[in-house]
Amino acid sequence: MQSKVCLITGATSGIGLITAQALAQQGARVVLVGRDATRGADSVERIKQATGHDAVDLLLADLSSQADIAKLAETFQNRYERLDVLVNNAGAIFTERQVSLDGFEMTFALNHLGYFLLTHLLLDRLKASAPSRIVNVASSAHRRGRIHLDDLQGERTFGAWRAYCQSKLANIMFTYELANRLHDTRVTVNTLHPGFVATRFGHNNSGIKAQFLRAAQVLAISSEKGAETMIYLSGSPEVEGVSGKYFVNKHEGRSSPQSYDAAITEALWHVSEAMVGQVR
């Protein structure tokens with residue numbers, strides 16, 4: 001990883017922060033993406049002190065906002081000549097239905113469209129830096145998910161868990177389709193389940209449902225354990241050239257049967273393109 005450039009979203013806490021620190025320890029220039037300037041600056045300082053490595057930077061963006069994502073991509077490309085690893089990690093669950101600045105249901109906007117748009121905007125830089133890697137953080141929750149093409153935004157039926165599981169299934173289907181489209185570019189893309197991790201997940205909510213999410217954290221694994229597969233996919237030579245796969249505990253596995261449905265995957269891709277205005 002020496003001198004490689006890694007961009008990591010959701011990198012100011014939890015498994016994103018642990019991954020950023022590990023890659024910095026290996027000699028990479030790490031660019032953290034977060035929403036909060038204070039937390040971001042604290043995270044940069046923590047990594048520098050822990051690793052003795054100064055090549056750690058911060059970019060601020062709200063990844064539920066397409067304008068912010070576009071600005072993030074532009075700023076990154078103006079500052080850095082290459083991109084060796086893109087880790088799409090930022091995500092959340094929303095116990096009540098919310099709408100993004102662009103008018104999309106927040107879970108879908110942040111967890112899926114955020115990955116989709118940022119990756120598209122940085123694809124040319126990834127291709128120019130090849131061999132390069134894209135790592136998409138999903139969840140085993142995708143197994144409970146369905147792509148509701150007739151109600152992606154939860155306008156008719158909304159449930160926090162339903163929306164979250166759908167978004168995580170979308171992450172995996174996006175990974176598989178992108179891998180097909182990048183098969184001759186030396187840009188690999190893989191996805192993973194990090195495990196149920198003790199992080200700030202769910203802390204953006206309030207009320208009884210939020211209290212339940214916080215209470216469930218006592219059953220979770222540590223951020224260090226949860227980050228292991230992200231770190232592995234970001235830099236291990238063992239997965240050099242491997243693409244379009246789903247990993248759990250650093251091993252390739254099988255995702256849900258629906259995640260391999262080519263017709264739904266293609267339909268989701270085209271709908272996503274329309275939503276972000278990125279037809280390629």
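Thresholds, definitions, all that
- Residues numbered from 1 in each chain as written.
- Predicted model: local features only at pLDDT ≥ 70, side-chain atom pairs only at ≥ 80, totals over all residues.
- Heavy atoms only, no water.
- UniProt positions renumbered as here; feature names shortened; annotations may be inferred.
- Helix = DSSP H or I, 4+ residues; strand = E, 2+ residues; numbered from the N terminus.
- Contact = heavy atoms within 4.5 Å.
- Axes fitted to C-alpha atoms, helices over the stretch in contact; angles between N-to-C directions.
- Parallel < 35°, antiparallel > 145°, perpendicular 65-115°, else oblique.
- Left-handed = near helix turned anticlockwise from the far one by under 90°.
- Nonpolar A, V, L, I, M, F, W, Y, C, P; charged D, E, K, R; others polar.
- Expected span 1.5 Å × (residues − 1).
- Buried < 20%, exposed > 50% of the residue type's maximum accessible area, 1.4 Å probe, protein only.
- Polar contact = N/O pair within 3.5 Å; in protein donor to acceptor, adjacent residues only side chain to side chain.
- Phe/Tyr/Trp six-rings, centres within 6.5 Å; stacked < 30°, edge-to-face > 60°.
- Lys NZ or Arg CZ within 6 Å of the ring centre and 35° of its normal.
- Pairing = 2+ DSSP bridges.

The protein chain is annotated in an unreviewed UniProt entry as Short-chain dehydrogenase of Candidatus Entotheonella gemina. Database annotation for the protein chain, UniProt heading Sequence similarities (unreviewed entry): "Belongs to the short-chain dehydrogenases/reductases (SDR) family."

**Q** Explain the overall build of the protein chain here, please?
**A** When helices and strands are tallied, the protein chain shows nine helices and eight strands. Once local pairs closer than 6 in sequence are excluded, the contacts in the protein chain between residues at least 24 apart make up 75%.

**Q** What am I meant to see in the packing of helix α3 (residues 66-79) against helix α4 (residues 106-128) here?
**A** The relative placement of two packed helices comes down to the angle between their axes together with the axis-to-axis distance. One can describe the packing of α3 onto α4 by two numbers: an axis separation of 10 Å at closest approach and a directional angle of 25°. It follows from the interaxial angle that α3 and α4 lie roughly parallel. Here α3 and α4 pass one another in a crossing that is right-handed. The segment α3 lies against α4, with Gln66, Ile69, Ala70, Leu72, Ala73, Phe76 and Gln77 engaging Leu113, Gly114, Leu117, Leu118, Leu121, Leu122 and Arg125. Tallied by class, residues from the contact of α3 with α4 come to ten nonpolar, three polar and one charged.

**Q** What am I meant to see in helix α9 (residues 262-276) here?
**A** The α-helix advances 3.6 residues per turn, and as a result positions three or four apart in sequence lie on the same side. Taking 1.5 Å of rise per residue, 15 residues should cover 21 Å, and α9 covers 21 Å from first to last C-alpha, within 8% of that figure. Among the residues of α9, those classed as buried are Ile264, Thr265, Leu268, Trp269, Ser272, Glu273, Met275 and Val276. Structurally, α9 contributes buried residues whose contacts are with α3, α4 and α5 (160-181). A distance of 3.1 Å separates the backbone nitrogen of Ala263 from a side-chain oxygen at the start of α9, and that oxygen is part of Asp261. Of the residues one or two after α9, Gly277 is the one with positive phi, at around 70°.

**Q** Would you take a moment to explain the packing of aromatic side chains for this structure?
**A** What describes a pair of aromatic rings is the distance from one ring centre to the other and the angle between the planes of the rings. Following the criterion strictly, the structure yields seven aromatic pairs and no others. Judged by centre distance (6.4 Å) and plane angle (65°), the rings of Tyr232 and Phe247 are edge-to-face. With Tyr232 in helix α8 (residues 228-235) and Phe247 in strand β7 (residues 246-248), this residue pair connects regions lying 15 residues apart in the sequence. By the burial criterion, Tyr232 is buried, and Phe247 matches it. Here the aromatic residues Phe116, Phe174 and Trp269 are joined through ring pairs into a cluster of three or more. The lysine or arginine in question, Arg254, covers the ring of Tyr260, its NZ or CZ lying 4.1 Å from the ring centre.

**Q** Teacher, can you tell me more about the sheet that holds strand β6 (residues 187-193) here?
**A** What holds strands together in a sheet is hydrogen bonding between their backbones, with the strands either parallel or antiparallel. Read across the open sheet, the eight strands follow the order β3-β2-β1-β4-β5-β6-β7-β8; overall the sheet is mixed. Looking at strand neighbours, the two that pair on one side only are β3 (56-60) and β8 (251-253), the edges of this open sheet. Across the sheet, the axes of successive neighbouring strands diverge by a mean angle of 25°, strand direction being ignored. Bridge analysis of strand β1 (residues 5-9) against strand β4 (residues 85-88) gives three bridges, and the strand direction is parallel. Note on β4: the bridge partner recorded for Cys6 is Val85. Along the sheet, helix α2 (residues 37-51) contacts β2 (29-34) and β3; its crossing angle with β3, the most-contacted strand, is approximately 165°.

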